[in-house]
Amino acid sequence: MLTVASEVDVLARFGRALADPIRCRVLLALREAPAYPADLADTLGVSRTRLSNHLACLRDCGLVVAMPDGRRTRYELADERFGRALDNLRAAVVAVAADRTCADADEQKCC
């Protein structure tokens with residue numbers, strides 16, 4: 001059983017994983033279906049080396065797993081609940097952003 005402190009650490013790691021747009025795109029792609037790194041790199045328009053670093057981060061956070069598939073390795077979400085959580089989080093964030101009426105429309109600024 002996780003303590004409150006360890007639950008906070010887990011959530012913080014999840015937040016750090018989502019803090020990078022490429023990692024977000026990887027998670028959203030894997031939400032749709034497992035994929036091979038080369039295919040993900042091509043789909044996302046990033047180098048294979050850069051993608052590899054992001055996949056390592058997501059593995060270390062426990063969000064994705066590497067599944068051997070012959071001579072290749074396929075990646076998928078570590079738990080199907082992550083996909084549903086991403087859907088719910090995305091829907092909530094998009095809804096709030098659509099309703100936001102901040103005078104300052106600077107997207108880089110955190111309210």
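So, the overall build of the protein
- Along its length, the protein carries 5 helices and 2 strands.
- Helices and strands in the protein line up, N terminus first, as α-α-α-α-β-β-α.
- In the protein, which comprises 111 residues, the proportion classed as buried is 22%.
- Summarising the internal contacts of the protein: among those between residues at least 6 apart in sequence, 47% fall at separations of at least 24.
- Entry remark: accessible area of the protein is about 7,700 Å², with carbon and sulfur atoms responsible for 55%.

Observations concerning the pairing of strand β2 (residues 72–77)
- In the sheet, strand β1 (residues 64–69) pairs with β2 via 6 bridges, with the strands oriented antiparallel. Following the sheet pairing, A66 is matched in β2 by Y75.
- Remark: 2 residues form the turn of the hairpin made by β1 and β2, two consecutive strands paired antiparallel; G70 in that turn has positive phi of roughly 70 degrees.

Let's talk about the pattern of salt bridges
- According to the stated counting rule, one finds 8 salt bridges in the structure shown.
- Each of R31, E32, D87 and R90 takes part in a single network of salt bridges with overlapping partners.

A few points about the side chain of R23
- Looking at where R23 falls in the secondary structure, it is placed in helix α2 (residues 21–32).
- Within the buried core, R23 has no salt-bridge partner, and the shortest N-O distance to an opposite charge, that of D20, equals 4.4 Å.
- A distance of 3.3 Å separates the side chain of R23 from the side chain of H54, its partner in a polar contact.
- Among residues more than four places away in sequence, those in contact with R23 are R16, A17, H54, C57 and L58.

Here we look at the confidence of the model for the protein
- Overall, the predicted model of the protein reaches an average pLDDT of 88, with 88% of residues at or above 70.
- Within the protein, the lowest mean pLDDT, 86, falls on helix α1 (residues 4–18), and the highest, 97, falls on β2.

Observations regarding the state of the cysteines
- A full pass over the atoms with the stated rule returns 0 disulfides.
- The thiol sulfur of C57 is not disulfide-bonded, and the nearest other cysteine sulfur, from C61, lies at 4.3 Å.
- Exposure remark for C57: the relative accessible area of 23% places this residue in the partly exposed category.

Observations regarding the packing of α2 against helix α3 (residues 37–44)
- Running from amino to carboxyl end, α2 crosses α3 at an angle of 120 degrees, the nearest separation of the two axes being 11 Å. With respect to the hand of their crossing, α2 and α3 are arranged in right-handed fashion. On the side of α2, the interface is formed by I22, R25, V26, A29 and L30, while α3 contributes L40, T43 and L44.
- Classifying every residue of the contact of α2 with α3 by side-chain character gives 6 nonpolar, 1 polar and 1 charged.

Quick look at α2
- Over its 12 residues, α2 runs 17 Å from end to end, which matches the ideal 16 Å to within 8%, given 1.5 Å per residue.
- Regarding α2, the residues found buried are I22, R23, V26, L27 and L30. Projected down its long axis, α2 carries its buried residues within an arc of 140 degrees, all on one side. More than 90 degrees from the buried face of α2, the exposed residues found are P21 and E32.
- In this structure, the buried residues of α2 make contact with α1, α3, α4 (48–60), β1, β2 and α5 (80–99).
- A side-chain oxygen of the first residue of α2 lies 2.8 Å from the backbone nitrogen of I22; this N-cap is D20.

The rules behind the values
- Residues numbered from 1 in each chain as written.
- Predicted model: local features only at pLDDT ≥ 70, side-chain atom pairs only at ≥ 80, totals over all residues.
- Heavy atoms only, no water.
- Helix = DSSP H or I, 4+ residues; strand = E, 2+ residues; numbered from the N terminus.
- Buried < 20%, exposed > 50% of the residue type's maximum accessible area, 1.4 Å probe, protein only.
- Contact = heavy atoms within 4.5 Å.
- Areas by Shrake-Rupley, 256 points an atom, 1.4 Å probe, with all protein chains shown as cover.
- Pairing = 2+ DSSP bridges.
- Salt bridge = Lys/Arg side-chain N within 4 Å of Asp/Glu carboxyl O.
- Lys, Arg positive; Asp, Glu negative; His and termini not counted.
- Polar contact = N/O pair within 3.5 Å; in protein donor to acceptor, adjacent residues only side chain to side chain.
- pLDDT = per-residue confidence, 0-100.
- Disulfide = S-S within 2.5 Å.
- Axes fitted to C-alpha atoms, helices over the stretch in contact; angles between N-to-C directions.
- Left-handed = near helix turned anticlockwise from the far one by under 90°.
- Nonpolar A, V, L, I, M, F, W, Y, C, P; charged D, E, K, R; others polar.
- Expected span 1.5 Å × (residues − 1).
- Arc of directions from axis to C-beta.

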